[in-house]
Every structure is written in C-alpha cells, then in structure tokens.
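The lines below spell out each chain.
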Amino acid sequence: MAFSLYIHIPYCQAKCPYCDFNSYAAAFWPEAEYTRALIRELECRGDAAPFRGERLKTIFFGGGTPSLFAPESIGALLHAAERAFGIEREAEITLEANPGTVDRAKLGGFRAAGVNRISFGAQSFNPAILKFLGRIHDARQTRAAAAMAHRAGFERLNLDLIFAVPGQTLADVMHDIESAAALEPDHISSYNLTFEEGTAFFTDLKRGRIKPLANDEQAAMYAAVRTELPRRGYAMYEISNYARPGREARHNLTYWRHQAYLGIGAGAHSFARIGAGNRRWWNERIPARYIANVLESGIAESGAEEIDAHASMSEFVFLNLRLREGFAEADFSGRFAASFDEAFGDRVSRLVESGLLIRERGRVFLSERGLELADSVFAQFV
Amino acid sequence: MTDPGLIRNFSIIAHIDHGKSTLADRLLERTGALSQRELKEQFLDSMDLERERGITIKARSVRLNYEAHDGKSYVLNLIDTPGHVDFAYEVSRSLSACEGALLVVDASQGVEAQTLANVYLALDHGLEIVPVINKIDLPGADIERTRQQIEDIIGLDGSEAILTSAKEGVGIEECLEAIVARIPPPKIGPSTGTRALIFDSWYDSYEGAIGLVRVFGGEFRRAMKVRLMGTGKDGEVMRLGHFTPHEQPAETLGPGEVGFIVAGIKTVADMRVGDTITDAENPAAQPLPGFKELKPMVFAGLYPTEANQYGALRDAIEKLRLNDASLICEPETSQALGFGFRAGFLGLLHMEIAQERLEREFGINLIVTAPTVAYRVRTVSDALLMVDNPTHLPDENSIEAIEEPFILASIHMPEDFLGAVMALCEDRRGLQRDLKFLGQKRVILHYELPLAEIVFDFYDRLKSVSRGYASLDYEFLDFRAGPLVKLDILINGEVVDALSIIVHRDKAYERGRALCEKMRQLIPRQMFEVAIQASIGSRIIARESVKALRKNVTAKCYGGDITRKRKLLEKQKEGKKRMKQVGRVEIPQEAFLALLKVGE
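Residues numbered from 1 in each chain as written. Chains lettered and ligands numbered in written order. Predicted model: local features only at pLDDT ≥ 70, side-chain atom pairs only at ≥ 80, totals over all residues. Heavy atoms only, no water.

Another point: the overall build of chain B. The helix and strand tally for chain B stands at 14 helices and 33 strands. Taking the intrachain contacts of chain B between residues at least 6 apart in sequence as the baseline, contacts between residues at least 24 apart amount to 69%. (Helix = DSSP H or I, 4+ residues; strand = E, 2+ residues; numbered from the N terminus. Contact = heavy atoms within 4.5 Å.)

What follows concerns the nonpolar core. Counting residues in each nonpolar core, the largest one holds 124 residues, and the members touching the most others are Ile 411, Val 421, Phe 458, Ile 491, Ile 532 and Phe 592 of chain B. Element by element, the count of residues in this core is highest for strand E23 (residues 399-414) of chain B, at six residues. Ignoring any residue separated from it by four or fewer positions in sequence, one finds Ile 491 of chain B in contact with Val 496, Met 519, Ile 523, Val 530, Ala 531, Ile 532, Val 585 and Ile 587 of chain B. If you look at the next biggest cluster of nonpolar residues, it comprises 119 residues, including Phe 60, Ile 118 and Leu 366 of chain A together with Leu 569 of chain B. (Core = buried A, V, L, I, M, F, W, Y, C linked by side-chain atoms within 4.5 Å. Buried < 20%, exposed > 50% of the residue type's maximum accessible area, 1.4 Å probe, protein only.)

What follows concerns the sheet that holds strand E17 (residues 363-366) of chain A. Residue and element names in this part refer to chain A. Across the sheet, which stays open at both edges, the three strands sit in the order E15-E17-E16 with antiparallel pairing between neighbours. Each edge of the open sheet carries a strand with a single partner, namely strand E15 (327-328) and strand E16 (357-360). Inspection of the sheet shows E15 paired to E17 by two bridges, in the antiparallel sense. Considered in E17, the bridge of Phe 327 is made with Val 364. (Pairing = 2+ DSSP bridges.)

Here we come to unusual backbone geometry. Residues and elements named next belong to chain A. A cis amide bond links Ala 49 with the next residue in sequence, Pro 50, at an omega value of 5°. Relative to the helices and strands, Pro 50 is located in the loop between helix H1 (31-46) and strand E4 (56-63). Note that the residue after Gly 63, namely Gly 64, is joined by a cis bond; omega there is 10°. Tracing the sequence through the fold places Gly 64 in the loop between E4 and helix H2 (71-84). Despite not being glycine, Gln 123 shows a phi value in the positive range, around 70°. Looking at where Gln 123 falls in the secondary structure, it is placed in strand E6 (residues 117-123). For Gln 123, a relative accessible area of 7% gives the class buried. The phi dihedral of Arg 361 falls on the positive side, at around 45°, and the residue is not glycine.

This structure, assessed with the given rule, holds 65 salt bridges over all chains. Across the pair Glu 236 of chain B and Lys 225 of chain B runs a salt bridge, and its minimum N-O distance is 3.4 Å. Taken as a pair, Glu 236 of chain B in strand E11 (residues 234-236) and Lys 225 of chain B in strand E10 (residues 225-228) lie far apart in primary sequence, eleven residues in all. Judged by relative accessible area, which is 36%, Glu 236 of chain B ranks as partly exposed. Sharing partners across several salt bridges, the network here consists of Arg 226, Arg 324, Glu 368, Arg 369 and Glu 372 of chain A. (Salt bridge = Lys/Arg side-chain N within 4 Å of Asp/Glu carboxyl O.)

Let us now look at the interface of chain A and chain B. A common way to express how large an interface is: the accessible area buried when the components associate. Listed by partner, the interface residues are 40 residues for chain A and 27 residues for chain B. Overall, the association of chain A and chain B removes approximately 3300 Å² of surface from exposure, summing both partners, and the carbon and sulfur fraction of that is 55%. The interface formed by chain A and chain B includes six salt bridges. In this assembly, chain A and chain B are joined by 25 residue pairs in polar contact (both at pLDDT 80 or more). Breaking the side of chain A that touches chain B down by element, the ones donating at least two residues are strand E8 (187-192), helix H8 (215-231), helix H9 (250-256), strand E13 (277-283), strand E14 (301-307), helix H11 (309-320), helix H14 (368-372) and helix H15 (374-379) of chain A. If one sorts the elements of the side of chain A that touches chain B by residue count, H8 of chain A sits on top with six residues. Across the side of chain A that touches chain B, the residue classes break down as 21 nonpolar, nine polar and ten charged. (Buried area = accessible area lost by both parts, 1.4 Å probe. Polar contact = N/O pair within 3.5 Å; in protein donor to acceptor, adjacent residues only side chain to side chain. Nonpolar A, V, L, I, M, F, W, Y, C, P; charged D, E, K, R; others polar.)

It is worth spelling out the environment of Leu 138 of chain B at this point. Residues and elements named next belong to chain B. Relative to the helices and strands, Leu 138 is located in the loop between strand E5 (128-134) and helix H5 (143-154). You can call Leu 138 partly exposed: its relative accessible area is 31%. Spatially, the C-alpha atom of Leu 138 lies 7.2 Å from that of Ser 108, the residues being 30 residues apart in sequence.

Below, the discussion takes up the packing of helix H9 (residues 418-427) of chain B against helix H11 (residues 458-465) of chain B. All names here are of chain B. The interhelical angle for the contact between H9 and H11, taken along N-to-C directions, is 155°, at an axis separation of 9 Å. The angle between H9 and H11 falls in the class roughly antiparallel. Crossing hand, H9 versus H11: right-handed. Residue-level contacts link Ala 420, Val 421, Leu 424 and Cys 425 of H9 to Phe 458, Arg 461, Leu 462 and Val 465 of H11. Among the residues making up the contact of H9 with H11, the classes are represented as seven nonpolar, no polar and one charged. (Axes fitted to C-alpha atoms, helices over the stretch in contact; angles between N-to-C directions. Parallel < 35°, antiparallel > 145°, perpendicular 65-115°, else oblique. Left-handed = near helix turned anticlockwise from the far one by under 90°.)

All right, on to the packing of aromatic side chains then. Residues and elements named next belong to chain A. In the structure shown here, the tally under the stated rule is 35 aromatic pairs over all chains. Arranged with centres 4.3 Å apart and planes meeting at 25°, the rings of Phe 3 and Phe 51 form a pair that is stacked. Of this pair, Phe 3 sits in strand E1 (residues 3-9) while Phe 51 sits in the loop between H1 and E4, placing them 48 residues apart in sequence. You'll find Phe 3 and Phe 51 in the same group, each marked buried. (Phe/Tyr/Trp six-rings, centres within 6.5 Å; stacked < 30°, edge-to-face > 60°.)

All names here are of chain B. One open sheet holds the six strands; their spatial order is E2-E3-E1-E4-E5-E6, and the pairing between them is mixed. Of all strands in the sheet, those bounded by a partner on one side alone are strand E2 (60-67) and strand E6 (162-163). Contacts from H5 reach strand E4 (100-106), E5 and E6 within the one sheet, and its direction differs from that of E5 by about 150°.

Time to look at the side chain of Asp 375 of chain A. One can find Asp 375 of chain A in helix H15. Not counting residues up to four positions away in its chain, the partners in contact with Asp 375 of chain A are Asn 552, Val 553, Thr 554, Lys 565, Leu 569 and Gln 572 of chain B.

For the rest of this paragraph, the subject is the confidence of the model for chain B. All names here are of chain B. For chain B, the average pLDDT comes to 87, and 94% of its residues sit at 70 or higher. Throughout residues 49-59 the model reports pLDDT below 50, and contacts reaching past four residues in sequence, or to other chains, amount to 41 contacts. Both scores are given for the predicted complex: the pTM is 0.70, the ipTM 0.92. (pLDDT = per-residue confidence, 0-100.)

Let us now look at the environment of Leu 302 of chain B. Residue and element names in this part refer to chain B. For Leu 302, the location among the structural elements is in strand E17 (residues 298-304). Judged by relative accessible area, Leu 302 falls into the buried class, the value being 3%. Beyond its immediate sequence surroundings of up to four residues, Leu 302 is in contact with Leu 313, Ile 317, Gly 340, Phe 341, Ala 343, Phe 345, Leu 358, Leu 366, Ile 367 and Val 368.

What follows is the structure, encoded as structure tokens:
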C-alpha cells in the first residue's frame, strides 16, 4: 500500500524560543553531506522491508528550515525517492519554508524540482508578537513570500499561525486570521502556543518571566479561530487545521489516520505494520552523528517500540478523533480484532453522556465541547 | 557482667539542628564503636523517614566502652529519644532508663523549645543534666550569652557547661569525662527482685518482638523464663546482648545494664514500651512504675484509592502493626470511598508517619480522611455510644447530648510568651486552671482544653506563637457535653460521608467556609462545574464552586509526536489513579485532608 515519506532538515538560522522540534541554529550547515546521508538512507530503506516495493503518495520536507537547502539538493532527494520507491503521479510534495529565507528564484527552483505545496511559518502579522516569538522574518516578508509562491506556480500553499501568545489579544488573533486569509492560501494551520519542556519559553515560564494567557482566554481565542476561518472558506478538518474543500494536507492525514510512514533524517520517526503488530522507530537526533551512522551502515536507527494491540487501538482512536470527521466504527473493527464497543464501550457511553463525543451513522467524532477538552477525552482511551 | 559502678546511662537532649546526631557520631568515633569509614552520617536516625524529617521516632541505644582519665574502663550507654509530643510517653520511658543527660545547645542559636520540653521531663525524672555548648567554631557563636541563657531559662549552672564543636571534634574527650564524673552510676538499692524496663520494642520477622531494656535489679540470662508484668505474657530468653552499635550477643544482662532481649514473644503488642520484664520463676513483687497502655487520641479513615488495593492495604496495616502497638485499626466502609479501615493514632504526626510508611514502604495509594477525636453520645434512651467517625453520629432526634473529650494541658514557657499562649488557649475554648511562676522568668500554665482543638494544629500554633519556646504535655480529663454539630460537605449536591466532621456550633460557620474554600483550591478544574457546599443538617452554610475546565487540547500531533503523546496520556491516567472518583467528580487525595490545611 502507498505510504508517506517525511524528510527532516534539522538546520535553522535561529532557534525560536517556543520550538521543541529537533532543530539546531547554525550559521553554516553541511548541506552536501547531509543530503548524501539522506539519499543513502533512502536507498537503504528502498531495499528492505517493510517499505520495499511500495509507492509514495506524499512527501513532506520538514524541519528545521528545509528552505535553507538549495533546490538542487531537494531535487536530488526527490530523484532518490523516485528511484528507491517510486512516487505516485498525484503525490502531494510539501516543503516547509521560512518567509525570510526564500526569493523568487528559490521558490521557482523548488517548484521545478517537483515540490507542489509550500508551507510558510507565518505565525503572526503583528510585529511585536513576531519579535516575542523570536522570528527572523516580518509580516511584509510573509506577504511577499506568499505572492512569490503563487507566481512560482504553487497552487497549494499553507500558512502557519500561532495564537494564545502572552500579550496577544482577541483582536490580534482576528487580525492575523484576516491577514492570512487575504493572502489566499488553500490551507491554514492555527496552533495554540504551548510551553514544551526543553524550550526557552518553558524555562521562562518556570522562572516566572512569562505568564501564559488564562485558560478561559485561550478557549475564547480557539473558539474565534474555529468560527472565523470557516467563515472565510477554510473548513476545520483537524484540531488545528483548516482548508479549502479538497485541500486538506494529505501527508498529515496519514499520521492522523494511523497509517504507515517512513521518516528519514536526524531524529525522524517512522511507523509501519510489521507482521501482525505495529512498530515505531526513530533515528539518531544529532545531525553529525546521524550523518556518520548512515554513511557507515546505511541507517541510523536509535530506538524503537513495538506497539501492542491495546496501544495501537488507543493511538488509532486518539489520532483519528483529532479529525473533525472522526472515524468509521467499521474501520476500527476492520483493523482490529475487536469492535469499538468491545474495546472501549463503557468509556464511550460515559463520554457520549457527558456530551463530549458524538456517535452518529456509524461514525465517532468529537463534539464542539469535546474539541476543547480533547486531551481529557483522549485520556479515556489509553 | 559489668560492675554497676562503672556504668553510665545517659541520653542527649537537643533542639533539632543543634548537633545531637553529630555529637553522637563523635562519641561513637572517639570510643572506637564505629570506624570513620562506618560513620554513615547521623548513625542514630536510621529510618529514612526519620532522617528526612530530622526527628527521631523510635528510641535507640548504643553501648560505648571508654577508658577514662582515672584509668578505669567504663561502659557508657547512650539512649536516644524521640522528639515529638505524639511520642511523649516513649520519651518518658527512655528517660526513665537513664541517670543523666547531655543538654546540647547551639552556641549561636541559644536555648530553644524542644530542648525545654525534654529538659523539664528529664528534671522530672531526676536526671543529672550536663550542659554542652556546641558549634563553638561558628562565627556567630556567643558562648557567654549561651551560658547565661542556660542559667536564666533552664536554671542550670552555665559555668559548668562543656564547650564542643562536634563537627570539628573539639571537646569530645571533655564530654566523655563529664559523663563519667558528673552522671551518677545506676543506683542498686535493696533488692526488689529481677526487673528490667522495656523502653523500646520492635518486630523482627524471624525472632518476633525484640525489647530494648534497662535492667534495674537482678540478672537476665539465656534460657531464663521471663514474664512481662503488664501484659502477663511469658517467654524464654533466647538471645540477649548489646548494640555497640553492632549487635553483640552476651551471656547475661546485669543490674544497671542496657541491652536487648529476645524472648519468643510474638508481637510488640505483647512487649510494650513501659512494661516490666521479670524472672517468671521468681517474679518481682511490683513492676517498675509508669506503665500505661497508650490510647489512641485521633481517628481517621484509611482507604485505598483503588478498590482492588483493599487486600494489599489490609496486609500492609497488619505488617505495620507488628511494629507499632499503638496503632489500632478496624474495617469500615464509606459510601464515597468504599472499603477501608478506621485507624486510631497517638496524634497527627503518628498518623502522617503511618500514612507515609504505608505509601512508601508498601506502595499503596492511600486516602486518609479528616482526623477526628472520639465523641461520647448520650442518646434519648440514655445509652452511651462512642463515635470515632462523624458519619456514625446517630440521628439528631435520638441524641440527648454529644460529649467531647477534654484534656489537661501543661504548658511550660518563658514568661514573655504568656500573653500569646493564653490567647491561643482561649481561642481553642480553653479554661484556665492555674498559672505558676517557676522563677528565672519561667511559667507553667494549666488549661483544660477540648482534645479536638489540640490534636489538629495546636502544637504547631503553640510553637509558632512562642517562637518555639513553649512545651506541651497533656493528659485526659473527662468527657463534657457541649453544643456540637455535624458539619457535612456536599459535592455537586451529594454528601460525601468521608468529609463530615463534628464541630463546636460557634465555629461551624467559620470552619465550613474555610473548608469549602480549601476544597475549591484542592479540587482541579474538571469538565463540568463542581459545586462544594457545607451544611449543618439541611441548612447550607457555605458554598464555593470550581469552574469547568474550558480548554485542554494539544495543538500539534504529527509523526514524531505520537509515542510521546501516548505516554503523556498514560501519565495523565496514572495521575488520575491518585484521585478518587466520587460520583462524577475526581477528588485528589489531599482534599480529604483539607481540614488540616485550612490554615495554610
């Protein structure tokens, strides 16, 4: 069955204080060497179970800042992916970009190399908030980048936004939505800011240097986003994702539908069915070590877990419930040895009674209230 | 057997942090009882819990061999004592085993409270007290002022104090010489028979109860038939010896000696602290004075957070009781909490220690309900009921009177704090019985107080208003009828039986409001609003609410986040296990003890 490929580029010009991804600020990065390592890993994975002989339905260059790499490197990687697995004709190929790192030539190059979807980390259009978030770009660059992407032939464009930033008001959030929609992307991701362990913001929070917005305020902002984006034609299809009809991010749907994906690059995770069970594994995180390991042995796995039947069912439920449409109970029983009721019946009826979960016409999905309390709902399924 | 003239039995009295354990370590080191290598810091406090809290719960003893300057070899028995009012009885038994005590005072801090309580107790027992001014190496040390304080506050001759720095090993020799010269040897009077005082006992899974004893007359030998005069149990001495601090078996324990006896007695309940052990074939006419059976003062429910842990809790309590004769336990059930136990404790510290040991040593997640004293209820049909669980209070119409236990408190303090301490006693519904000035600006105050007012935070409050200088001792007086009412707590309209308390009517409103407020802080926001109410009968007297949680959702979950996310959710679920589901509401463990946290 066709699967998804994630390619991680771990380098950034600056590390944002809220970011907990596997990324490293660098003035120089070993682009050629890292690209060689990625190609080597692709070749190696193309030759082995569980993905040998399967074709790619989506590819996603994430980071880090993949747009730091030259279009030639991206092109070489796509060629390698084609050789290793074969890319479906209609495949979605996304590249994450920082609006401050692109120009017309570069965007044109990415398009020519085969990339057909760009995702910009716009975050906000308010200079004070961008500064607080440690971004290297400004709103003017976001607007210019979006225009250039359209001109370079990208019909598919995503803008990332962040809300619930300390100091941000509801009016700021509305202004960001307005500004983002005005650039006519076909997809908008709107994330509630979180304070993850290991980030600069987390430390600031612990030391009392910054204070998160009140829970009620965050809820009000989330409600505004869920109302305002659909009004502008972007339907909500996941907890933080909105798209024009048919323009949902197919790559990310792979994750939420609990389907197979291969991740290559430093720290990338992969997930596949192996035999009767599921397995998730991940690569060495440190780029230099990743390169060294791959160049020596073709892969750089540093850890793995076998996901037993119960954990698989949990994951299937809490990932699929992130989607607005939820999942069909028939898909659940088709995939596992038990029906949804047999697996979780008691908890489901409690959640339905509390008005957090809806069961309708063979599907299960979160109510509006359930969306706001999704983690409390998910916790019932582990 | 050692010549009684060469034995010295002593304890060390010190305020927390004034260097008792360090000094003890030095004495052990100087007499060769322990090598430097063996000196784990603070040898005496061997229970983890004790070390963490910096308090001694159980007594210990160490036998030291010391060759004094007079050329003779002495046996010095260091008897360690607990340091909290909950264990006042154990302290008094330990002191009874001694002829003297070192009073350790920090040269920079001066005389402090804990010290005073135990000094008074030691003086009451007729002990010779040798003041030791410790930490003389510290920059803030003021030796002269400390000498003066010893004279003014305690009434001892400050000029005779030994100067030490236990940390630096200074003055240790002088201490040992003073023990030999100033503390009298055990008095061996006209024969009153073979008698030894049990001042500590503990349970060993192979040998049963092991007693730590001080022999007052006669001699104990292996294979001798012995009897415990208080509990009436008979046994046969299987093993005896000393702690040096390593266990050293001996053939006999003679007059004045301190050591351990294993006599085939199964449980500590049969070998109680304070009891007298005698020769069964030639028993002493009278036991040693002072034995009393300890009665629990405070009662609380112990429940497992998960129902399937009930069996494990029962087993754990049984094991704990093997070692703790003063802990009593009966099964009970609660509508809110299910199956559990009602346990009786000597006081709150005792309760907290039991709780911590059950959680830590036996790995049980525990809910402890609000502690209460035992009330006596006179019904309209003139029956008397003892009620140690507010839920079991009979229906209002069948109650003639509720009587609560009163105690007589003796509070020692420097006179500067008299006003503050009296205000505290008045606030706690106390009746002053008398007030005596003891000279050197010392006062002893006697108050009749309801036990319920004492057991919660009185001791802490007393320490706080007297800056630690006041000491408390109390004894039971009688039951007195009063306007007592049952205060219920309702969560979302349902009475949670485990949260009910009995209070004085005049304090019910204040208590109800404070409880609701505290519960509001302790119950986390849930998916719906939680109403907390306090009521007397059908009348609501206070109300608070915990607003519904508005938002709880992780914004991002992509390929690399899934494993971590699942683990976070699992952890969240683990956290919930420490909560008790009452109706739809999840109540954290601490909320059941909100009563104790009201002042915080």
